[in-house]
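# Tertiary structure, described
Chain residues, written in single-letter form:
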Amino acid sequence: MNLRELVSALNDFASPALAESWDNVGLLVEPSPPHTVKTLLLTNDLTEEVMEEAVQKKADLVLSYHPPIFTPLKRVTWKTWKERLVVRALENRIGIYSPHTAYDAIPHGVNNWLAKGLGACTSVPLHPSTAPSSPAEGTHRVEFCADAEHLDAVLFKIKDIPEISCLTTLTARVEGEEQTRVSLNCSQKALLEVVALLSQNSLLHHKTEILLLQKPLLPHTGMGRLCTLSEPVSLSDVIERIKGHLQLPHIRVAVGTGRTLESPVKKAALCAGSGSSVLKGTEADLYLTGEMSHHDVLDAVANGISVILCEHSNTERGFLSELRDTLAIHLQNKINIIVSEKDRDPLQV
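- Under an unreviewed UniProt entry, the chain has the name NIF3-like protein 1 and belongs to Struthidea cinerea.
- Per UniProt, the comment on the chain under Subunit (unreviewed entry) is "Homodimer. Interacts with COPS2. Interacts with THOC7."
- UniProt's Function (unreviewed entry) comment on the chain is quoted here verbatim: "May function as a transcriptional corepressor through its interaction with COPS2, negatively regulating the expression of genes involved in neuronal differentiation."

Here you go:
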């Protein structure tokens, strides 16, 4: 596939608009076009060892779940390992694409895969995603009626206010008089200026309606998951299930106050990777994630919530095999998709 065609297909699979605002997702490194992709290498982390593997396996594109370019690069030299990744990628005509939190949000993504380790359960996002392209721009819609005497002057002043969009006018008959109905979308900041302007004329202000524009929530899409198990199981059973699902000999466990390893787990909140901010404040029997700060673990335990930590990328990497199969179907088997054999969590127990 042509790289740009492939990137479009990957964006359809998981829209970059679903990623967190702080994230850096999408195509990060692009060889000069045209660039044909025959082999796609999947990895959780793009390390220098994985880049060497990509070169040896003649990959044309690396899909790295974590973005190897996160903070801005001021130069591209041989000095630091992330700069060297970019140099080697371009020298060997290898593109780099990263989905990161877009894959966390989607219903067929990382968190849903992690939830399978709990056994039979139903799940809902802890922080649901909103539709990225709906409604139109702005946070508020302002509508008011004006007669011919005031219309031109008001519109002239409104057009000077920044962050206003979708300004429309429509002739209407109000209380037997012909007037113009004005509708506009604006930001929270612009709303204050619009209201201040309309307040200068008591007649306009009296006929003003302000609507809050809220984007609809997307079903089964968002950050984290709150999982309700079909049948309660003991914490020790959940531990064994998670170890089996992630294929780990060891995980870390903090037992909640007043709980034991035999205490039942009915509700589990989970977040792949680093889950403190996503899980915080959620009522559950168990928190499952890769890593949490010491003090966040103490808070959870004090509230009677047990915590399972598996190390950051161990809660994500196993998804790559499932991703390979689902992407193959999505891309109609047009390219060869392989999973890195060199990718691994940097920590060992």
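### Side note on the overall build of the chain
- Summing up its helical and strand segments, the chain has 12 helices and 15 strands in all.
- Along the longest, intermediate and shortest principal axes, the C-alpha atoms of the chain span 80 × 60 × 40 Å.
- Counting every position in the chain, which comprises 349 residues, the buried fraction comes to 49%.
- Long-range contacts, defined here as pairs at least 24 residues apart, represent 73% of the contacts in the chain between residues at least 6 apart.
- Of the roughly 17,800 Å² that the chain leaves accessible, carbon and sulfur atoms contribute 53%.

### Observations regarding the pairing of strand 10 (residues 217-234)
- Note: strand 5 (residues 121-130) against strand 10, 8 bridges, orientation antiparallel. Paired with Ser-123 across the two strands is Cys-227, which belongs to strand 10.

### Let's talk about the environment of Met-223
- Looking at where Met-223 falls in the secondary structure, it is placed in strand 10.
- Judged by relative accessible area, Met-223 falls into the buried class, the value being 8%.
- Along the backbone, Met-223 and Cys-145 are 78 residues apart, and their C-alpha atoms lie at a distance of 42 Å.
- Residues in contact with Met-223, not counting those within four places in the same chain, are Leu-18, Glu-20, Thr-101, Asp-104, Ala-105, Pro-125, Leu-126, His-127 and Val-278.

Here is what the cut-offs are and how they apply
- Residues numbered from 1 in each chain as written.
- Predicted model: local features only at pLDDT ≥ 70, side-chain atom pairs only at ≥ 80, totals over all residues.
- Heavy atoms only, no water.
- UniProt positions renumbered as here; feature names shortened; annotations may be inferred.
- Helix = DSSP H or I, 4+ residues; strand = E, 2+ residues; numbered from the N terminus.
- Buried < 20%, exposed > 50% of the residue type's maximum accessible area, 1.4 Å probe, protein only.
- Contact = heavy atoms within 4.5 Å.
- Areas by Shrake-Rupley, 256 points an atom, 1.4 Å probe, with all protein chains shown as cover.
- Pairing = 2+ DSSP bridges.

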